[in-house]
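Analysis of the macromolecular model
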Amino acid sequence: MSESANRATAAPLRRTALVSVAAACLLIAVKLAAGVASGSLGLVAEALHSGTDLVAALLTLFAVGIAARPADASHLYGHGKAEHLSALVEAGFLVLVSIAVGVLAALRLTGVIETDVRVTWWTLAAAAVVIAIDVSRTLVSVRTARRYGSAALMANALHFGSDLVGTIAVVVGLVATRAGYPGADAIAAMFVALLVISAAARLIRRNVDVLMDRAPAREVAAAEEAIIALDPPVDLKRLRLRQAGGQTFADIVIGVSPGAAVGQGHAAADRVEAALHDVLPGSDIVVHVEPGAPEAALRELVRAAAMTVSQVREIHDLSLIDTGTRGVEASLHLKFPGGLPLREAHDIAEQVETAILRDVPAITAVQTHLEPLAEAARGTVVDDEPAEVERAVIAVTGRPPRNVRILHTDTGLVVLLTLALDGQTSLADAHAEASAVSKSVRAALPEVADVVVHTEP
């Protein structure tokens, strides 16, 4: 925010704070005069409460002046937290004064302190004036605080509102006292004390959260949704938000393809900034761009995420497909026991898809294919080896196999062969020779279900 903009924003905040100072001074005079003249502890308590409001208004006037200052060499993020420090000091005063009022009320109720409360028409008239002032200053402070996002003015509005409720309680106590219930005024004073302590507790919690840089949950959720909804998508690696002086500061890290040009990375960062400015107006955003994971690493991340689902037995045929505008999609095959019901297998597959999308943000979609695990086949060894097998091997290699075993299984005969080859033979040539032997054996024995050829030097 520019310095001129800061000055333009600070002017109405200072005017509102000055009005609060004047109102607090008037309320102190009216409440204290009426309370002392009538002997009402409730009105005296309200006067003390307004005294804390005067201190709060002065602190707010000081705070908004500091908070409006632009960032400098010593305060790179500006001076917005001055408002929250002011609000904490105000809360401390509120708690101390409320405890004192509560003690006085308890002493009066127990008879340790005896006073005669005299409720006259002008006492009630003074209370009516106080209520009118409380209503007007509460509305003014709320409107200004919401318009400019001022934590200090919103704190003042909260206290002015509690003053209004407290004053109404005091009026009820005065009316009850006049009707013949002398303890009603002390009860009203104790109610005001509890009311103020409750408001102070909320104020302390809210401002400590800001000063401790607690992530604002609603804003974080809105920012994540805005970034995830981008099309084409970006790989969100980190999102950190904090607030100060009504402004949100965002620190974001996104990943782009390792082969992307500088301009492409900058364009992705611009799209992220624009999306966040839509959901968090006036926020201060820094986007850092770094290369995403290479395909090999990404493949391992996908596999590791899938294996976090305990029911998964086997994963194979894992493929990554870069669709461009739709990001990187993954497809994989999952194997389960053949007797597992389809519904259960589907539920597990959905867990796998969810785990991958959760743990690997670079993946935008997952497709799974379900397969049964191969059951162990039953088989017996055939003692007599058909001569056709050896002749088929010699026809290809010119020499007999080093070892031959034939198994009779439920699916048919399975031939297990071992070929001895020169140790300098390339793996590609060895594989080609094994394939030729397998084809020759199948031609010689059409009833063979499978031929497994092992090559060794």
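Calculation notes
- Residues numbered from 1 in each chain as written.
- Predicted model: local features only at pLDDT ≥ 70, side-chain atom pairs only at ≥ 80, totals over all residues.
- Heavy atoms only, no water.
- Helix = DSSP H or I, 4+ residues; strand = E, 2+ residues; numbered from the N terminus.
- Buried < 20%, exposed > 50% of the residue type's maximum accessible area, 1.4 Å probe, protein only.
- Contact = heavy atoms within 4.5 Å.
- Areas by Shrake-Rupley, 256 points an atom, 1.4 Å probe, with all protein chains shown as cover.
- Pairing = 2+ DSSP bridges.
- Axes fitted to C-alpha atoms, helices over the stretch in contact; angles between N-to-C directions.
- Right-handed = clockwise from strand over helix to strand, strands pointing away.
- Core = buried A, V, L, I, M, F, W, Y, C linked by side-chain atoms within 4.5 Å.
- Patch = residues over 30% accessible without salt bridge, like charges linked within 9 Å, V, L, I, M, F, W, Y side chains within 5 Å.
- Salt bridge = Lys/Arg side-chain N within 4 Å of Asp/Glu carboxyl O.
- Parallel < 35°, antiparallel > 145°, perpendicular 65-115°, else oblique.
- Left-handed = near helix turned anticlockwise from the far one by under 90°.
- Nonpolar A, V, L, I, M, F, W, Y, C, P; charged D, E, K, R; others polar.
- pLDDT = per-residue confidence, 0-100.
- Arc of directions from axis to C-beta.

The helix and strand inventory of the protein stands at twelve helices and ten strands. Relative to its 457 residues, the protein shows a buried fraction of 40%. Of all intrachain contacts in the protein linking residues separated by at least 6 positions in sequence, the fraction that spans at least 24 positions is 68%. Put simply, the protein shows about 23,900 Å² of open surface, and 60% of that area lies on carbon and sulfur atoms.

In this section: the sheet that holds strand S4 (residues 314-322). Read from one edge of the open sheet, three strands run S4-S5-S6, paired in mixed fashion. In this open sheet, the two strands that pair with only one neighbour each are S4 and strand S6 (363-372). The sheet shows a mean angle of 15° between the axes of neighbouring strands, taken without regard to direction. Pairing analysis gives seven bridges linking S4 to strand S5 (residues 328-336), with the strands arranged antiparallel.

Right, let's talk about the side chain of serine 438 for a bit. By the element assignment, serine 438 lies in helix H12 (residues 427-444). Contact partners of serine 438, with chain neighbours within four places excluded, come to Val451 and Val453.

Along the chain, alanine 268 falls in helix H8 (residues 262-279). Separated by 36 residues in sequence, alanine 268 and proline 232 place their C-alpha atoms 9.0 Å apart. With residues near it in sequence (within four places) discarded, alanine 268 still touches Val234, Ile254 and Val256.

We now examine the pairing of S6. In the sheet, S5 pairs with S6 via nine bridges, with the strands oriented parallel. Counterpart to histidine 333 in the pairing with S6 is histidine 369. For the handedness criterion, the β-α-β arrangement of S5, helix H10 (residues 342-359) and S6 is classed as right-handed.

Attention shifts here to the nonpolar core. Val302, Leu332, Leu334, Ile356 and Ile363 are the most contacted members of the largest nonpolar core, which has 23 residues in total. Of all the secondary structure elements, the ones that give two or more residues to this core are helix H9 (295-307), S4, S5, H10 and S6. Sort the elements by how many residues they give to this core and H10 lands first, with six residues. Here valine 302 is in contact with Leu318, Leu320, Ala330, Ile356, Val360 and Ile363, once residues within four sequence places are set aside. Within the second largest apolar cluster, 21 residues are counted, among which are Ile254, Ala269, Ala275 and Val287.

On to a nonpolar patch on the surface, then. Together, Ile99, Val103 and Ile197 make up a nonpolar patch on the protein surface, roughly 230 Å² of accessible area in all. Accessibility expressed as a relative area gives 45% for valine 103, which makes it partly exposed.

A few words now on the packing of helix H11 (residues 387-397) against H12. Across the interface, H11 lies against H12 with an axial gap of 9 Å and an inter-helix angle of 140°. One finds that H11 runs oblique with respect to H12. Helix-helix and strand crossings are classified by hand; for H11 and H12 the assignment is right-handed. Counting all contacts with H11, which are made through Glu388, Val389, Ala392, Val393, Val396 and Thr397, the residues of H12 involved are Glu433, Ala436, Val437, Ser440, Val441 and Ala444. Of the residues belonging to the contact of H11 with H12, the class tally is eight nonpolar, two polar and two charged.

Should their charged atoms come close, side chains of opposite charge can pair. As enumerated under the stated definition, the model contains six salt bridges in all. A salt bridge links arginine 358 to aspartate 359, with the nearest nitrogen and oxygen atoms 2.8 Å apart. A relative accessible area of 54% means that arginine 358 is categorised as exposed. The structure contains a network of salt bridges with shared partners spanning Arg238, Arg240 and Asp251.

Okay, the confidence of the model for the protein next. Regions with low pLDDT should not have their predicted coordinates read in detail. For the protein, the average pLDDT comes to 75, and 76% of its residues sit at 70 or higher. At the low end of the mean pLDDT range in the protein sits strand S7 (residues 379-381), at 58; at the high end sits H10, at 87. A low-confidence stretch, residues 1-9 (pLDDT under 50), is modelled with six contacts involving residues beyond four sequence positions or located in other chains.

In this section: H11. Of all the residues in H11, the buried ones are Val389, Ala392, Val393 and Thr397. Within H11, the buried residues cover an arc of 110° as seen down the axis, which keeps them to one side. Exposed residues lying more than 90 degrees from the buried face of H11 are Arg391 and Ala395. Elements in contact with the buried residues of H11: strand S8 (403-409), strand S9 (412-420) and H12. Where H11 ends, the next residue or the one after it, glycine 398, has phi of about 85°, a positive value.

Our focus in this paragraph is the packing of helix H7 (residues 217-228) against H8. Put simply, H7 and H8 touch, their axes get as near as 9 Å, and they point 140° apart. Relative to H8, H7 is oriented oblique. As for the relative orientation of H7 and H8, their crossing is right-handed in sense. Between H7 and H8, the residues in contact are Ala222, Ala223, Ala226 and Ile227 and Val272, Ala275, Leu276 and Val279, respectively. Looking at the contact of H7 with H8 residue by residue, the classes come out as eight nonpolar, no polar and no charged.

Attention now goes to the environment of proline 401. Position of proline 401 among the secondary structure elements: in the loop between H11 and S8. Along the sequence, proline 401 and arginine 391 sit ten residues apart, while their C-alpha atoms lie 9.6 Å from each other. If we ignore the near neighbours within four places in the chain, the residues touching proline 401 are Glu390, Val393, Leu417, Thr418 and Leu419.

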